[in-house]
Amino acid sequence: YQRRVREFEFSTAVQYAMGVFSFLVKMSLLSCAFSGLRRATGVSVKDMVSSKVKHVQARSLSDKYFAFGDWLVDTSMSAWSSFKRYQEVKKLMDTFEKKK
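About the thresholds
- Residues numbered from 1 in each chain as written.
- Predicted model: local features only at pLDDT ≥ 70, side-chain atom pairs only at ≥ 80, totals over all residues.
- Heavy atoms only, no water.
- Phe/Tyr/Trp six-rings, centres within 6.5 Å; stacked < 30°, edge-to-face > 60°.
- Buried < 20%, exposed > 50% of the residue type's maximum accessible area, 1.4 Å probe, protein only.
- Salt bridge = Lys/Arg side-chain N within 4 Å of Asp/Glu carboxyl O.
- Helix = DSSP H or I, 4+ residues; strand = E, 2+ residues; numbered from the N terminus.

Q: Quick question: what am I supposed to make of the packing of aromatic side chains here?
A: Working definition: an aromatic ring pair is given by the centre-to-centre distance plus the angle between the planes. Using the criterion set out here, one finds five aromatic pairs in the structure. Residues Tyr65 and Phe66 carry aromatic rings whose centres are separated by 5.3 Å and whose planes lie at 65° to one another, so their mutual orientation is edge-to-face. The exposure class of Tyr65 is partly exposed, given its relative accessible area of 22%. Members of the aromatic cluster, connected to one another through ring pairs, are Phe34, Tyr65 and Phe66.

Below you can see the structure in the form of structure tokens.
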């Protein structure tokens, strides 16, 4: 009986940890999407949110959240640009842009 209880507690803890991990990954992707939206269109969700949040600590947390998305996109792009295949594709895209 005690073994079953321990197995249940362990599986519950693993499920909880996976749920937290899944939530954090989804929030990171959403932050990256907001960063891409700002870069592509100029619409800043960060400014819209910051203007409505009155609490100083909550505003600071939201600013850090959006800054994390910017950092993640910048870091990913700098890592991606170091690959040879990316450089070949970029060169090819640049030649198409010049022809227009």
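Q: So what exactly am I meant to see when it comes to the pattern of salt bridges here?
A: Close approach of charged atoms allows side chains with opposite charge to pair. All chains considered together, the criterion is met by four salt bridges. Residues Arg38 and Asp70 are paired through a salt bridge, measuring 3.0 Å at the closest nitrogen-oxygen approach. Placement of the pair is Arg38 in helix 1 (residues 2-41) and Asp70 in helix 3 (residues 56-80), with a sequence separation of 32 residues. Several salt bridges share partner residues, and in doing so they unite Arg38, Arg39, Asp70 and Asp74 into one network.

Everything listed is a geometric property; what it means functionally is a separate question.
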